[in-house]
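The residues making up each chain are set out below.
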Amino acid sequence: MARTRPRIPGSSGTVHPVIPWAEPVLRTPCATVTTFDDQLERLVEDLFATMYAADGVGLAANQIGVGLRVFVFDCPDDEDVRHLGHLVNPVLVEADGVEVRGEEGCLSLPGLRAQTPRHDRALVRGQDVTGAALEIEGTGFFARCLQHETDHLDGTVFLNRLTGLRATTAHRKARRSDWYHPHT
């Protein structure tokens, strides 16, 4: 009897361009997924393929121009334990523990990194591609990833979380980039 291999996430997906921050789809809250079908599975596969091609640890659907509440992740926590999966209709239920400033970047804001405050623990509830309920808890860097991707689906990027000198410096650096202003 032949042994079946587990499918590698993204292996059948299409790589899409990552949408730059200036595009409205990244600043608009995403719609709730109501249809769990082959198109949704295809979206998740495409998200994985695009995330891996861009060398990311998480990617939200609006980052490839799809305004639906879906994200994927392949992210380690602070103990280097790998967390791999996806969430449909995620809601950040809890973000608590110590607030930690850690370096954060974003595939939609290439080249920009900043010390961004995030809670050290996060609990996110949502669904998988079949509609089954999921609850994912993360700590450390993985908690940061869960908060970052959920923010994307709410129309927020880490740049919005910065204050004071960090915000001034990051916005100045962003304004100098070619992705900050929409191309007309």
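Thresholds, definitions, all that
- Residues numbered from 1 in each chain as written.
- Predicted model: local features only at pLDDT ≥ 70, side-chain atom pairs only at ≥ 80, totals over all residues.
- Heavy atoms only, no water.
- Pairing = 2+ DSSP bridges.
- Helix = DSSP H or I, 4+ residues; strand = E, 2+ residues; numbered from the N terminus.
- Axes fitted to C-alpha atoms, helices over the stretch in contact; angles between N-to-C directions.
- Contact = heavy atoms within 4.5 Å.
- 1 Å grid on protein atoms, 1.4 Å probe; cavity = no way out; pocket = protein on both sides within 12 Å on 5 of 7 lines; lining within 4 Å.
- Points joined across faces, edges and corners; volume = space filled by probe spheres on them.
- Nonpolar A, V, L, I, M, F, W, Y, C, P; charged D, E, K, R; others polar.
- Phe/Tyr/Trp six-rings, centres within 6.5 Å; stacked < 30°, edge-to-face > 60°.
- Buried < 20%, exposed > 50% of the residue type's maximum accessible area, 1.4 Å probe, protein only.
- Lys NZ or Arg CZ within 6 Å of the ring centre and 35° of its normal.

Engineer: What exactly am I supposed to notice about the sheet that holds strand 5 (residues 133–139) here?
Structural biologist: Sheet strands pair via backbone hydrogen bonds, and the direction of the pair is either parallel or antiparallel. Read across the open sheet, the five strands follow the order 1-2-3-4-5; overall the sheet is antiparallel. The outermost strands of the open sheet, each flanked by one partner alone, are strand 1 (58–60) and strand 5. On average, each strand axis in the sheet is tilted by 30° relative to the strand beside it, whichever way the strands run. Both strand 2 (residues 70–76) and strand 3 (residues 82–105) contribute to a ladder of seven bridges, which runs antiparallel. Looking across to strand 3, one finds that valine 72 is bridged to histidine 86. Contacts between helix 1 (residues 38–53) and the sheet are confined to strand 1, strand 2 and strand 3, with strand 2 contributing the most and set at about 40° to the helix.

Engineer: Please clarify how the layout of surface pockets should be interpreted in this entry.
Structural biologist: Empty space within the largest pocket amounts to approximately 350 Å³. Forming the boundary of the largest pocket are 21 residues, of which Val57, Gly105, Cys106, Arg113 and His148 lie nearest the centre. Looking at the lining of the largest pocket, the elements that each hand over two or more residues are strand 3 and helix 2 (140–153). Ranked by residue count, the leading element in the lining of the largest pocket is helix 2, at six residues. Across the lining of the largest pocket, the residue classes break down as eight nonpolar, seven polar and six charged.

Engineer: Can you help me understand the packing of aromatic side chains in this one?
Structural biologist: Ring pairs (aromatic) are described by centroid distance and by the angle formed between their planes. Throughout the structure, instances matching the rule amount to three aromatic pairs. Aromatic side chains phenylalanine 48 and tyrosine 52 sit 6.0 Å apart centroid to centroid with 25° between the ring planes, which places their arrangement in the stacked category. Placement of the pair is phenylalanine 48 and tyrosine 52 together in helix 1, with a separation of four residues, close to one helical turn. Among the residues examined, phenylalanine 48 registers a relative accessible area of 4% and is labelled buried. Judged by centre distance (5.2 Å) and plane angle (55°), the rings of phenylalanine 73 and phenylalanine 142 are tilted. Within this pair, whereas phenylalanine 73 is found in strand 2, its partner phenylalanine 142 is found in helix 2, the two being separated by 69 residues in sequence. Residue class for phenylalanine 73 comes out buried when judged on its relative accessible area of 3%. Given a relative accessible area of 1%, phenylalanine 142 falls into the buried group. Chaining the aromatic ring pairs together yields one cluster made of Phe71, Phe73 and Phe142. When the ring centre of tryptophan 21 is taken as reference, the NZ or CZ atom of arginine 27 above it lies at 5.5 Å.

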